[in-house]
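Here is what each chain is made of, one letter per residue.
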Amino acid sequence: MQDFILYILAGGSVGFVVGMTGVGGGSFMTPILLGFGFPPTTAIGTDLLYAAITKSGGIVTHARQGSVEWKIVGLLVVGCVPASIIITLLLRHFQKTGFDFTDLLKQTLGIMLVLTSLVLLFRSFLIRERHQLADSHSGVGEFERRHAGWLTILMGIFLGVAVTLSSVGAGAFGATALMMLYPRMPMIRVIGTDLAYAVPLTAAAGFGHMQLGHVDYRLLLSLIIGSLPCIWLGTKVAGLVPEKIMQRIMAAILMLLGLKYVL
C-alpha cells in the first residue's frame with residue numbers, strides 16, 4: 001500500500017510539471033521509475049501507455065477548436081507508427097534469443113534526455129534562426145519548402161524509433177521539430193498537432209511493450225490516479241513561475257539525468 005501511494009505521488013508530481021509547462025511527461029517519468037528500482041523495460045513500457053492515456057483527452061479539445069493540422073499528423077503517423085512496430089518486433093526477436101537490450105534502452109534514454117535538454121535551452125534561438133531561413137530565398141529554404149512532406153515522414157521515423165526505445169521525445173522534442181519544419185505554423189496548432197500524433201505513437205509503442213510483458217498495470221493505475229488531478233492543478237498555477245526560468249531548471253535536470261544514462 002505504501003508503494004502504491006508513493007507511485008500516486010510520483011504521477012502527481014510529473015502531472016503537475018506537465019500542467020505547468022506542457023512538457024516533461026516521459027522525460028521525467030521514466031527516470032523517476034528507474035529511481036524506484038523498476039527495470040528499464042518496465043519503466044519505458046508503462047510510461048508509454050501512461051502517456052497514451054493521459055494525452056488522449058487533449059486531442060478532443062484541440063480538435064474541437066480546430067488547432068490540429070491533420071495532414072501533418074498523417075505524415076508523422078506514416079513515419080512513426082510503422083517505425084515503432086518494427087522496433088517492437090526487433091525487441092521481441094532479441095528477447096526470444098536471450099539478448100539483453102537493457103543497456104541499449106538506457107543509452108537511448110540518455111541521448112533523448114540530453115537532446116530534449118538542449119532543445120529546451122536553445123529553442124528560442126533555433127526557432128528565430130529557422131524563421132530567418134524560411135523567409136530567405138536560399139537553396140536550403142527552397143529545398144525544405146518543396147520536400148516538407150518527406151522531411152516530416154523522416155522526422156516521424158526518427159521519433160518512432162526514439163520514443164519506442166526511450167519513451168522520450170514525443171513532447172518538447174516533437175513540438176520543436178514541428179516548429180522547425182513549419183516555422184509559420186501558429187503555436188496553438190503546433191501544440192495540437194504534436195499532441196495528435198503523439199497519442200497513436202505512444203499507444204502503438206505502449207501496446208508493443210505490453211505484448212513483450214513490459215507493463216506494470218498496478219503502477220500504471222497509480223500514475224494515472226495521481227497525474228490527472230495534478231495536471232489540472234498545474235494548468236491553474238501556470239505562469240506563476242517565469243517560463244524561461246522553468247525551462248532552464250528542467251533543462252539542467254534533464255541534462256544531468258541524460259548524461260548519467262549515457263555514461
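Residues numbered from 1 in each chain as written. Predicted model: local features only at pLDDT ≥ 70, side-chain atom pairs only at ≥ 80, totals over all residues. Heavy atoms only, no water.

1. A word on the environment of phenylalanine 4
Part 1 of the argument: Tracing the backbone through its elements, the reader meets phenylalanine 4 in helix α1 (residues 2-21).
Part 2 of the argument: With 219 residues separating them along the chain, phenylalanine 4 and leucine 223 place their C-alpha atoms 9.0 Å apart.
Part 3 of the argument: What phenylalanine 4 contacts, discounting residues up to four positions off in sequence, is Arg218, Ser222 and Ile225. (Helix = DSSP H or I, 4+ residues; strand = E, 2+ residues; numbered from the N terminus. Contact = heavy atoms within 4.5 Å.)

2. What to know about helix α3 (residues 40-64)
In an α-helix, one full turn covers 3.6 residues, which means residues spaced three or four apart are oriented alike.
Part 1 of the argument: Taking 1.5 Å as the rise per residue, α3 with 25 residues should run 36 Å; its terminal C-alpha atoms sit 37 Å apart, in good agreement.
Part 2 of the argument: When the local axis directions of α3 are compared, the greatest deviation, roughly 30°, occurs at serine 56.
Part 3 of the argument: Phi turns positive, to about 70°, at glycine 66, one or two residues after α3. (Expected span 1.5 Å × (residues − 1). Bend = angle between axes of the 7 residues up to and from the residue.)

3. Examining the environment of aspartate 3
Part 1 of the argument: When you line up the elements, aspartate 3 lands in helix α1.
Part 2 of the argument: With relative accessibility at 43%, the residue aspartate 3 sits in the partly exposed group.
Part 3 of the argument: Each C-alpha atom, one on aspartate 3 and one on leucine 219, is 9.2 Å from the other, the two residues being 216 residues apart in sequence. (Buried < 20%, exposed > 50% of the residue type's maximum accessible area, 1.4 Å probe, protein only.)

4. Topic: a nonpolar patch on the surface
Part 1 of the argument: On the surface, Ile5, Leu6, Leu9 and Phe36 cluster together into a nonpolar patch covering about 350 Å² of accessible area.
Part 2 of the argument: Counting through the fold element by element, isoleucine 5 comes out in helix α1.
Part 3 of the argument: The class for isoleucine 5 is partly exposed, based on a relative accessible area of 41%. (Patch = residues over 30% accessible without salt bridge, like charges linked within 9 Å, V, L, I, M, F, W, Y side chains within 5 Å. Areas by Shrake-Rupley, 256 points an atom, 1.4 Å probe, with all protein chains shown as cover. Salt bridge = Lys/Arg side-chain N within 4 Å of Asp/Glu carboxyl O.)

By themselves, these are just geometric observations and shouldn't be taken as functional.
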